[in-house]
Structures are given as structure tokens and as C-alpha cells.
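# Remarks on the overall topology
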Amino acid sequence: MARVILLPGREKRLLSGHPWVYFTQVGEVEGEFAAGDVLEVCDARGRFLGRGYANPSSQIFARLLTRRRDEAIDREFFRRRLEAAAAYRKKVVKDTTAYRLVNAEADFLPALVVDRYGNYLVVQFLALGMERFKQTVIELLIEMFTPEGIYERSDAGVRAREGLQPFSGPLYGEVPKFTVVSENGVRYRVDLHAGQKTGFFLDQRENRKAVAELAAGARVLDCFCYTGGFAVSTARAGAGSVLAVDSSGAALELAAQNALLNEVAGRCTFREANSFDELRGLADSGEQFDLVVLDPPAFTKSKQALAGAVRGYKEINLRALKLLVPGGYLATCSCSYHLGEALFLETIAAAARDARRTLRLVELRRQARDHPVLPEVPETYYLKCGVFQVF
Ligand code: SAH
């Protein structure tokens, strides 16, 4: 096995628990290897740090799979990792038939995502090194979880950074385009072939539950509603009326079906619009709400674009605050990793100052527990969800 020798002093992040070796940390590689091979990683003095797969054409040169010298990267390795991931979900995932079974780096299986939608699995292989283990992983998933079908949705943009083409299609069994999952007693129809992410925003499950608890009797506005995650769950929880907005017609079609499926269609209105414009229009026409949910897509995927993203977040929060009655609630989210928690809160505070409203933090929430966070791997914490009461 070839050996990656790091530059002097560049082992610190790895030692603290981060699994990535950046190209810029690499001193030299001893031995022959092909892109995607598993290599040994050592510090400048030759001390063993771990074993991981390498991709010389990616900025992330290697990702550690193990830190144990005595652990081989074989089928049994993957079986143990998948077993541990499943055991953790058994403890922390409640009241749902859809959840993330494997969350990549946070489950010590870098660049591998496995989502469970009832009897179907949807997978993503997001790095060349993990792609090489696809056959093993799929065989183990079949053996261990006996799904009716497995569908691949490796069409995320990050594949390009690994020099990989996007791929989407069936890998095993029969996977219908649509399936219905049940989350906290709410049923959602999910597009397994072409929905956003792997079909559903599983990371918002616990936040949907928390927000629904505030919804009884409320006039709700759900901006960026996708297939109606917050809209339908708040309606089920007794909201008086729900207006839900998204720019995707396909998402809204499912959202309307989801409202019907849960017998709340009479209280839900879905509107295809740009949320920025809709928020402005609602304010201009003097509309008021008791609960506003803002769950936009990531406004930035890079540090460089952060300033523009902050302006975007500030604007939608400012507009939402103006629509809320005194004592109303704002549930505001950001899934931009580059917008850290402190700046996220500061941005909302700035919006509140401009809107001359006083905020009371009900709770600051994160992604659901099946999307675990490694404190030493900041990239694993991306979703912030601030729930505020507004005066
Ligand atoms: N809250 C949802 C997930 C929202 S994902 C849930 O619980 O399932 C973000 C959504 O924002 C996507 O559906 C996307 O289509 C939509 N979107 C992106 N830009 C938009 C814009 N400018 N106006 C309205 N919707 C937008």
C-alpha cells in the first residue's frame, strides 16, 4: 500500500478527528497508486495516522476511513461501519419511516449517503474512493437491510470536484418513482427518482415537529415549502390556515397531494412564486401571520459568496418579521455551512433591529440527529433553525 507523507506540522487537524487530508498538506507519496486507492497516511516523521482513499485530482487528497493500524479496509470493515450507523439510528430516530441511515463523514464513511424511505434505500457516492466500494456497499445494504430496491442519486454537484460524472438510476430491485413515508404521524409522498436531495429534506424532521407544536390555530406562512414539509405538518397540528410558497412547480404539485393525503387541503394554499417577491407582496397588501417558516436553499456554497448570502438572509428575515403579529413566531433556517451559527444569529438580529421588532429565542435547533455533527469536523454542522417569538 502506498504511503502519503504529510508536510511537517500538518497532521494537527487529522489528530483532532478531522478525516480530510488536503492536497496542500501533502509532502510526498511513497509507492505507486491509482486514483481512488486506499493509502496509508503518515505524519512527516512517518508516524501512522490512518488509512483512507485518495484522489489526486480533488482538493481533498485523501479521506480517512480508519485510524486503527490493525483495521483493514475490507468487506467486514464496511459491515461494521454500517452496523454502527444502523444501531445509532435505532436509538435516536423516532416516529418515522424515512431517515438518513448513513451520513458520510459523520458516520466515518466519507462521501457515502444512505437514506431510507420505508422499504427503499436511496444512496449517494460522492467521492471517487467511495465509488470504488460501490459493489461491496450495495451487497451489504441488501444483505443487512433487505430493501425492496436501491436507487442511486449521485447527481449532486460535489461529484464534479472529484472528477466524477453525475449518475442517477436504479441499482437493485424495483424502485417506484413515488412512495409514501410517514413522519410524526404526517404522510408525505416522495419522488425517489427526481426529488431534491434524495427526495425529502430528512434533516428538518425534528424541526418540523418542533414548529408544528406552535401552530395550533395559527395563520401560517411557509416560504420555500418544497413538498409541504412544514406546511402540511403545521396544518395537521391545527393551524387555521397555511399559505405555502415555492418556486418549483414539481414540488408544489406534490405539496398539494400531501395536503390531500393528510386531509388538510381545505386549509392549505400553495403558490408558485419567488419567496422574495411573495414576502414583499404580502407586506404591501397588509397581510399578517402568526407563524412564518423560512427554509431557503443554501444561499452560498462558498466562502467567497458569503456577503451576498448574508444580505439575502437578512432580507427574507426582515420581510418575514414585518408580517408577524406581536407574539407571533418565526422559524428561520439556514443550511449554508459557510454561514456559521454566530453570523446566522447576528443576521437575524440585524433584521429585527431594522424591522424594529424584539426577538425572544424559543430555541436554537440543528439538523435532525440522524445527521450527526462531529464537533471537530465543522463541515458536518450546516443546518441552523432558530425559533423566535417576535414582539
Ligand atoms: N422546508 C422544506 C424544504 C425546503 S428546501 C421541507 O421541509 O421539506 C428549499 C426550497 O426552496 C426548494 O423546494 C426550492 O425549490 C425552493 N426555492 C429555491 N429558491 C426559491 C425562491 N427564490 N423562492 C421560492 N422558493 C425557492
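So, how was this worked out
Residues numbered from 1 in each chain as written. Predicted model: local features only at pLDDT ≥ 70, side-chain atom pairs only at ≥ 80, totals over all residues. Heavy atoms only, no water. Helix = DSSP H or I, 4+ residues; strand = E, 2+ residues; numbered from the N terminus. Rg over C-alpha atoms; globule rule 2.2 N^0.38 Å. Buried < 20%, exposed > 50% of the residue type's maximum accessible area, 1.4 Å probe, protein only. Contact = heavy atoms within 4.5 Å. Lys, Arg positive; Asp, Glu negative; His and termini not counted. Charge placed at Lys NZ, Arg CZ, Asp CG, Glu CD. Near = heavy atom within 4 Å. Polar contact = N/O pair within 3.5 Å; in protein donor to acceptor, adjacent residues only side chain to side chain. Areas by Shrake-Rupley, 256 points an atom, 1.4 Å probe, with all protein chains shown as cover. Nonpolar A, V, L, I, M, F, W, Y, C, P; charged D, E, K, R; others polar. Domains from an automatic or database assignment. Buried area = accessible area lost by both parts, 1.4 Å probe. Salt bridge = Lys/Arg side-chain N within 4 Å of Asp/Glu carboxyl O. Pairing = 2+ DSSP bridges. Axes fitted to C-alpha atoms, helices over the stretch in contact; angles between N-to-C directions. Parallel < 35°, antiparallel > 145°, perpendicular 65-115°, else oblique. Left-handed = near helix turned anticlockwise from the far one by under 90°. Disulfide = S-S within 2.5 Å.

So, about the overall build of the protein chain. Helix and strand content of the protein chain: 10 helices and 20 strands. In terms of C-alpha radius of gyration, the protein chain reaches 22 Å, essentially the compact-globule figure of 21 Å for 391 residues. Oriented by its inertia axes, the alpha-carbon framework of the protein chain measures out at about 70 × 45 × 35 Å. Across the 391 residues that make up the protein chain, the buried fraction comes to 55%. Considering only residue pairs separated by 6 or more positions, the protein chain has 62% of its internal contacts joining residues 24 or more positions apart. Computed over 52 positive and 48 negative side-chain charges, the separation of the two mean positions in the protein chain equals 4 Å.

What follows covers the site of the ligand. Taken together, 16 residues lie around the ligand, and R208, D246, S247, S275 and D295 are the ones closest in. Here an oxygen atom of the ligand sits 2.7 Å away from a polar atom, N or O, in the side chain of D246. At 3.3 Å, a side-chain N or O of N274 approaches a nitrogen atom of the ligand. For the ligand, whose unbound accessible area comes to 580 Å², protein coverage reaches 89%. A per-class count over the shell around the ligand returns seven nonpolar, six polar and three charged.

The domain architecture assigned to the protein chain consists of domain 1 (3-66), domain 2 (75-178) and domain 3 (201-390). The C-alpha-based centres of domain 1 and domain 2 are spaced at 25 Å. The contact between domain 1 and domain 2 buries some 1,100 Å² in all, and 53% of this surface belongs to carbon and sulfur atoms. On the domain 1 side of the interface with domain 2, the three residues burying the most area are Y53, R63 and L65, jointly 46% of the side's total. Run the count over domain 1 and domain 2 and you get three salt bridges.

Before going further, it helps to spend a moment on the sheet that holds strand 19 (residues 359-366). On the basis of which strands lie adjacent, the open sheet formed by seven strands has the order 16-15-14-17-18-20-19 and mixed pairing. In this open sheet, the two edge strands, each paired with only one partner strand, are strand 16 (268-272) and strand 19. Across the sheet, the mean angle from the axis of one strand to that of its neighbour is 15°, orientation sign disregarded. As paired strands, strand 18 (residues 324-334) and strand 20 (residues 384-390) are joined by seven bridges and run antiparallel to one another. Bridge pairing links A331 to V387 in strand 20. Against the sheet, helix 5 (residues 205-212) engages strand 17 (289-294), strand 18, strand 19 and strand 20, with an angle of about 150° to strand 19. Of the strands in this sheet, strand 14 (219-223), strand 15 (241-246), strand 16 and strand 17 touch helix 6 (residues 229-236), which is tilted by about 175° from strand 15.

Right, let's talk about the environment of V310 for a bit. By the secondary structure assignment, V310 is in helix 9 (residues 306-323). Sequence spacing of V310 and F125 is 185 residues, and the spatial spacing of their C-alpha atoms is 31 Å.

Right, let's talk about the sheet that holds strand 5 (residues 48-54) for a bit. Overall, mixed pairing links the six strands, which are arranged 2-6-5-4-1-3 in an open sheet. Only two strands of the sheet have a single neighbouring strand rather than two, namely strand 2 (20-22) and strand 3 (26-30). On average, each strand axis in the sheet is tilted by 35° relative to the strand beside it, whichever way the strands run.

Two numbers describe a pair of packed helices, the interaxial angle and the distance between the axes. Put simply, helix 2 (residues 75-92) and helix 4 (residues 134-145) touch, their axes get as near as 10 Å, and they point 50° apart. Put simply, helix 2 runs oblique to helix 4. Remark: the crossing between helix 2 and helix 4 carries right-handed chirality. In contact with R75, F78, R79, L82, E83 and A86 of helix 2, helix 4 contributes T136, V137, E139, L140, L141, E143, M144 and F145.

Attention now goes to the state of the cysteines. Within the structure shown, the criterion is met by zero disulfides. C225 supplies the cysteine sulfur nearest to C268, a cysteine that is in no disulfide, at a spacing of 9.6 Å. With no disulfide partner, C333 has as its closest neighbouring cysteine sulfur the one in C385, 3.7 Å distant. For C333, a relative accessible area of 1% translates into the label buried.

A side chain with one charge may pair with a side chain of the opposite charge, provided their charged atoms come close. Per the stated rule, a full pass over the model turns up 32 salt bridges. Residue R75 is joined to E139 by a salt bridge in which the shortest nitrogen-to-oxygen separation is 2.8 Å. Of this pair, R75 sits in helix 2 while E139 sits in helix 4; the two residues are 64 residues apart in sequence, bridging distant segments of the chain. Of the residues examined, E139 reaches a relative accessible area of 32% and is grouped as partly exposed. Between K314 and D354 there is a salt bridge, and its shortest N-O distance comes to 2.8 Å. Placement of K314 in helix 9 and of D354 in helix 10 (residues 341-355) is noted, with a sequence separation of 40 residues between them. Judged by its relative accessible area of 45%, D354 is partly exposed. Residues participating in the shared-partner salt-bridge network are R75, E76, R79, E139 and E143.

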